Amino acid sequence: MWGIRYVSKGRRLMKNPQLMEELDKSMDDKVEKTKLMEGFLGYIIGSTQEAAVLPPLVAFAVRVQPGIWEFVKVHSEDLSVEEITPSEYLKCKETIFNEKWARDVNSLEVDFGAFNQSTPLITLPSSIGNGMQFISRFMSSRLNEHSESLRPLLDYLLKLNHRGQKLMINETLSTVNKLQTALLLAEVFVGGLPKNTPFQKFEHRFEEWGLVKGWGDTAGTVKDSLNYLSEVLQAPDPVNMEKFFARVPCIFNIVIFSPHGYFGQADVLGLPDTGGQVVYILDQVKAFEEELLQRIKQQGLSFKPRILVVTRLIPEAKGTKCNQELEPILNTNHSHILRVPFMTGSSVLREWVSRFDIYPYLDRYAQDAAAKIVDILEGKPDLIIGNYTDGNLVASLVASNLGVTQGTIAHALEKTKYEDSDVKWKELDPKYHFSCQFTADMISMNAADFIITSTYQEIAGSKDKVGQYESHYAFTLPKLCRFATGINVFDPKFNIASPGADQSIYFPFTQKQKRLSSFRPAIEELLYSKTDNDEHMGYLEDRNKPIVFSMARLDTVKNITGLVEWYGKNKKLRQLVNLVVVAGFFDASKSKDREEISEIKKMHSLIDKYQMKGQMRWIAAQTDRARNGELYRCIADTGGAFVQPALYEAFGLTVIEAMNCGLPTFATNQGGPAEIIVDGVSGFHINPAKGDEASSKMAEFFETCRDDKSYWNKISTAGLQRIYECYTWKIYATKVLNMGSVYGFWRQLIMDEKNIKHKYLQLFYNVHYRKLVKAVPLAFDEAQQAPQPL
Ligand code: UDP
Ligand code: LCN
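Since this is a predicted model, take the numbers as computed values, not measurements.

### A short note on the overall build of the protein chain
A tally of helices and strands in the protein chain yields 29 helices and 27 strands. The C-alpha radius of gyration computed for the protein chain amounts to 28 Å, which stays within 12% of the reference 28 Å derived for 790 residues, consistent with globular compactness. Seen along its three principal axes, the alpha-carbon backbone of the protein chain occupies a region of about 80 × 75 × 65 Å. Burial analysis of the protein chain (790 residues in total) assigns 61% to the buried set. Once local pairs closer than 6 in sequence are excluded, the contacts in the protein chain between residues at least 24 apart make up 71%. Element-wise, carbon and sulfur atoms account for 52% of the exposed surface of the protein chain, whose accessible area totals about 31,400 Å².

Written out as structure tokens, the structure reads:
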């Protein structure tokens, strides 16, 4: 009966809630329904994420556990079940959108999984995101295989150098046996020295054994490093392997790509496309530099590290420094922003271009950037890290061109933000150019040596929700390309390294002596003055009420307008608290960003509709991070809360900023914040699809706080504890630099396989991706000639 019901409306794509609802409607008999749900078919339907209905068949994409998928075809009449491949499932799905293409045996199908022959996959969903540990284990067994297995490690060490200066060992140690003997002699020797003896004191002695700089700065550290390697050579094990690679002097220069947006250190935040990614990278650079300096010193070396953040030079910089080629990064000594322009033919593109429209510029940009980088660094970098689709693609091109280890960071993968954006790519393409974006994502995910993610959910989601990367396992862009395997979340390249918030800016409101009281008058004006101006509109009549606060770019997905509406509709909440939101600006005619324009208009209409004057303050985007830190703390002073209402949030830096300031936080359960906050303990989850429920939860919280004064402090303290345990930049930098080192060796070990995949990716890039890019119109600068095609 239910089978018939599914097919009765003809071809369509159904999601789980729809499947369950129709099942419910089709079965009056509760006993029969329970029986069905307990059986095999019930299990299939319950775990199905999506079903392609092609009467009389229904093809199900069943998610057994995070990352584990099965695909089956069920006949609606006899309910017979047949297992099918991901490719067959995708063809069923395509049939709904483009039958001719689905049936065409020559349609383009890509299976990146076919290339992972010698790299084993993780098998336990609970181990997803722990790739480095897994690789260390696998490397150990690889090096254990037979007498010659250790040779690649020796070769790797023999090649180790920085700008021509040999490190750790020299060419005299040409066999593993010789190396082992040298280590033995050296270990006995340093064991006899006081631990703090400087390396220089016994450097000559070491050279006699073929050992050179890089083992450590003192006898103590040198002895440990020697011992880790001796242990690895004796019987490779993952623990010593990781410890050894954390010591290997192989990373001095890092390049970080983030081409899009306004990338600057001041006056850029809150502009379209310029949000957390910029904050993340600037904080990341500081953390990397500190960690590199500490490591280089510990290695007994005197090289200076260099970090370049490579972004786009925008001549029309709107008062920011985005038109400056080289800018030192504040609070660092060896890090710079390098800006390379987008070229159209021989002229420079002068204006900001939306991240969705920049594909035509990236190929040329990668070449120009690579040349500049090599010039400035006087050689190749040791590690290249990309950010977001554009940065990751450029990172892949440059890393493959220079032969450098590559890591990628998504921040957010666009595919999961818009329902069915893959199968409906054609409809969305004029606005978003997803055909280019998803294809570029596939190229860089597959090219990368390792992938850095902020949370587990980003990779593999949760019990009920598909992860961002997981949604790229098998997907299709009908009439363009079928990805029979896009990326597998069990690939050990996936690692979780969560970012932190700059704790010199975001510190608890209770640290009175550190508070930035000089900002108080400006913040007082920002929150409470009664007149409207360019920076704020609306006012707060009763300043004794706590403030519910939010801050984000004015994008649809951030759902600031959603929060305004929830507040507007909830009388109780309006009685208990005021609402303050920092987002975008007020004049839609001044924005060039499609989404921002529509959100600005919506915001005005909601304020009118719910008559919020006197209870709500709308503040324009704030670009001063130090002042924002104090702003969070001033909100905490009112006994308020922070709300992150996004429809989907990849990670959510504002969540950890607010928590670092001791502000109780309500955050979306869709995405990263669900993992950051333990609901009811270190903050609260809210469901953005259920606004009434979310606003009631907030009202309940403030009622409880009114009746029990300790409750607010309890949540505030638990939030801080959560941050200190899991979300700091120090933990992040240690992990990521270790990844650079471990995967740097791993890529050497599997070089043959890497080369084959690399050739395939190159072909795919040249033959397929470039064609898609040609369909993206070039941004046109009025001030210059019509641009030449690239
Ligand atoms: N931000 C800001 N001013 C604004 C809006 C946002 O300084 O008007 C900052 C915010 O403090 C955070 C970052 O921009 O550091 C936004 O990061 P998040 O991860 O929350 O979101 P994203 O914008 O990256 O999607
Ligand atoms: C992009 C996003 O959308 C946020 O969720 C992240 O916090 C930010 O980048 C930094 O990774």
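Okay, back to it.
### Topic: the site of ligand 2
Residues in close proximity to ligand 2 include Gly 276, Gln 277, Tyr 280, His 411, Ala 412, Glu 649, Ala 650, Phe 651, Gly 652 and Leu 653, which together make up its full environment. At a separation of 2.5 Å, an oxygen atom of ligand 2 approaches a polar side-chain atom of His 411. Glu 649 is positioned with one of its side-chain polar atoms (N or O) 2.3 Å from an oxygen atom of ligand 2. Ranked by residues supplied to the shell around ligand 2, first place goes to helix 13 (residues 276–298) with three residues.

### Re helix 7 (residues 131–143)
For an α-helix, the turn length of 3.6 residues means that residues three or four places apart are oriented alike. The first and last C-alpha atoms of helix 7 sit 18 Å apart over 13 residues, in line with the 18 Å expected at 1.5 Å per residue. Residues of helix 7 that are buried: Gly 131, Met 132, Ile 135, Ser 136, Met 139, Ser 140 and Leu 143. In this fold, the buried residues of helix 7 make contact with helix 8 (151–159), helix 12 (238–247), strand 20 (494–496) and helix 28 (729–749).

### Some points on the environment of Thr 734
Position of Thr 734 relative to the elements: it lies in helix 28. Taking the relative accessible area as the measure of exposure, Thr 734 reaches 26% and is therefore partly exposed. Along the backbone, Thr 734 and Ile 496 are 238 residues apart, and their C-alpha atoms lie at a distance of 12 Å. Excluding residues within four positions of it along the chain, Thr 734 makes contact with Glu 291 and Arg 295. Within polar-contact distance, the side chain of Thr 734 engages the backbone oxygen of Lys 730 at 2.9 Å.

### Digging into the UniProt feature "domain: Sucrose synthase N-terminal" (unreviewed entry) in the protein chain
The positions UniProt marks with the feature "domain: Sucrose synthase N-terminal" (unreviewed entry) are residues 5–94. Across residues 5–94, helical content stands at 46% and strand content at 36%; the span's end C-alpha atoms are separated by 22 Å.

### Description of the site of ligand 1
Taken together, 19 residues surround ligand 1, and among them Gly 276, Lys 558, Gln 622, Leu 653 and Glu 657 come closest. Within the side chain of Arg 553, an N or O atom sits 2.8 Å from an oxygen atom of ligand 1. The backbone of Thr 654 places a nitrogen or oxygen atom 3.3 Å from an oxygen atom of ligand 1. Listed by contribution, the elements that provide at least two residues to the shell around ligand 1 are helix 13, helix 23 (625–637) and helix 24 (653–660). Split by residue class, the shell around ligand 1 holds eight nonpolar, seven polar and four charged.

### Looking at the pairing of strand 12 (residues 335–341)
Of all seven residues in strand 12, six are buried, a share of seventy percent or more. The sheet contact formed by strand 10 (residues 306–313) and strand 12 spans seven bridges and is parallel. Its bridge partner being in strand 12, Val 310 is matched across the sheet by Leu 338. Here three bridges tie strand 11 (residues 326–328) to strand 12, and the two strands are oriented antiparallel to one another. Pairing of Pro 328 across the sheet is with His 336, part of strand 12. In textbook terms, the turn of a hairpin is the stretch between consecutive antiparallel strands, and for strand 11 and strand 12 this stretch comprises six residues, one of which, Asn 331, has a positive phi near 60 degrees.

### Topic: the packing of helix 11 (residues 219–234) against helix 12
Taken N-terminus to C-terminus, the directions of helix 11 and helix 12 make an angle of 135 degrees; their axes are 9 Å apart at the nearest point. By the angle between their directions, the pair helix 11 and helix 12 is classed as oblique. Seen along the crossing, helix 11 lies across helix 12 with a hand that is left-handed. Counted together, Thr 221, Asp 224, Ser 225, Tyr 228, Leu 229, Glu 231 and Val 232 of helix 11 and Asn 240, Met 241, Lys 243, Phe 244 and Arg 247 of helix 12 form the full contact between these two elements. Among the residues forming the contact of helix 11 with helix 12, the class breakdown is five nonpolar, three polar and four charged.

### Some thoughts on the pattern of salt bridges
Per the counting criterion, the structure on display carries 46 salt bridges. Glu 99 is the partner of Arg 11 in a salt bridge, and the nearest nitrogen-oxygen pair spans 2.8 Å. On the criterion of sequence distance, the pair formed by Arg 11 in the loop between helix 1 (2–8) and strand 1 (12–15) and Glu 99 in helix 6 (residues 99–103) is long-range, its members being 88 residues apart. For Glu 99, a relative accessible area of 28% gives the class partly exposed.

### Regarding unusual backbone geometry
Cis geometry marks the peptide bond from Pro 55 to Pro 56, where omega comes out at 5 degrees. Structurally, Pro 56 can be placed in the loop between strand 2 (48–54) and strand 3 (57–65). Positive phi values are uncommon outside glycine, yet Lys 318 reaches one of about 50 degrees. Mapped onto the secondary structure, Lys 318 falls in the loop between strand 10 and strand 11. You can call Lys 318 exposed: its relative accessible area is 64%. With phi around 55 degrees, Asp 420 is a residue other than glycine that occupies positive phi space. Along the polypeptide, Asp 420 turns up in the loop between strand 16 (405–409) and helix 16 (425–432).

### Examining the side chain of Asp 273
Within the secondary structure, Asp 273 is located in the loop between strand 9 (253–257) and helix 13. Beyond its immediate sequence surroundings of up to four residues, Asp 273 is in contact with His 260, Gly 261, Trp 352, Val 353, Ser 354, Arg 355 and Arg 553.

### Things to note about the nonpolar core
Among the nonpolar cores identified, the biggest contains 154 residues, and Phe 206, Trp 215 and Trp 618 are the most heavily contacted of them. With near-sequence residues (within four places) excluded, Trp 215 lies in contact with Met 168, Ile 169, Leu 183, Phe 206, Thr 221, Val 222, Ser 225, Leu 226, Leu 229, Phe 244 and Gln 299. One finds Val 404, Cys 481, Val 489 and Phe 494 within the second-largest nonpolar core, a separate group that totals 70 residues.

### A look at the packing of helix 20 (residues 560–569) against helix 26 (residues 691–707)
Two numbers describe how helix 20 lies on helix 26: the axes approach to 9 Å, and their chain directions differ by 70 degrees. One element, helix 20, and the other, helix 26, form an angle in the roughly perpendicular class. In the crossing of helix 20 with helix 26, the sense of the turn from one axis to the other is right-handed. Contact with helix 20, carried on its side by Leu 563, Trp 566 and Lys 569, involves Gly 691, Asp 692, Ala 694, Ser 695 and Met 698 of helix 26 and no other residues of that element. For the contact of helix 20 with helix 26, the class distribution of residues is four nonpolar, two polar and two charged.

About the thresholds
- Residues numbered from 1 in each chain as written.
- Chains lettered and ligands numbered in written order.
- Predicted model: local features only at pLDDT ≥ 70, side-chain atom pairs only at ≥ 80, totals over all residues.
- Heavy atoms only, no water.
- Helix = DSSP H or I, 4+ residues; strand = E, 2+ residues; numbered from the N terminus.
- Rg over C-alpha atoms; globule rule 2.2 N^0.38 Å.
- Buried < 20%, exposed > 50% of the residue type's maximum accessible area, 1.4 Å probe, protein only.
- Contact = heavy atoms within 4.5 Å.
- Areas by Shrake-Rupley, 256 points an atom, 1.4 Å probe, with all protein chains shown as cover.
- Near = heavy atom within 4 Å.
- Polar contact = N/O pair within 3.5 Å; in protein donor to acceptor, adjacent residues only side chain to side chain.
- Expected span 1.5 Å × (residues − 1).
- UniProt positions renumbered as here; feature names shortened; annotations may be inferred.
- Nonpolar A, V, L, I, M, F, W, Y, C, P; charged D, E, K, R; others polar.
- Pairing = 2+ DSSP bridges.
- Axes fitted to C-alpha atoms, helices over the stretch in contact; angles between N-to-C directions.
- Parallel < 35°, antiparallel > 145°, perpendicular 65-115°, else oblique.
- Left-handed = near helix turned anticlockwise from the far one by under 90°.
- Salt bridge = Lys/Arg side-chain N within 4 Å of Asp/Glu carboxyl O.
- Core = buried A, V, L, I, M, F, W, Y, C linked by side-chain atoms within 4.5 Å.

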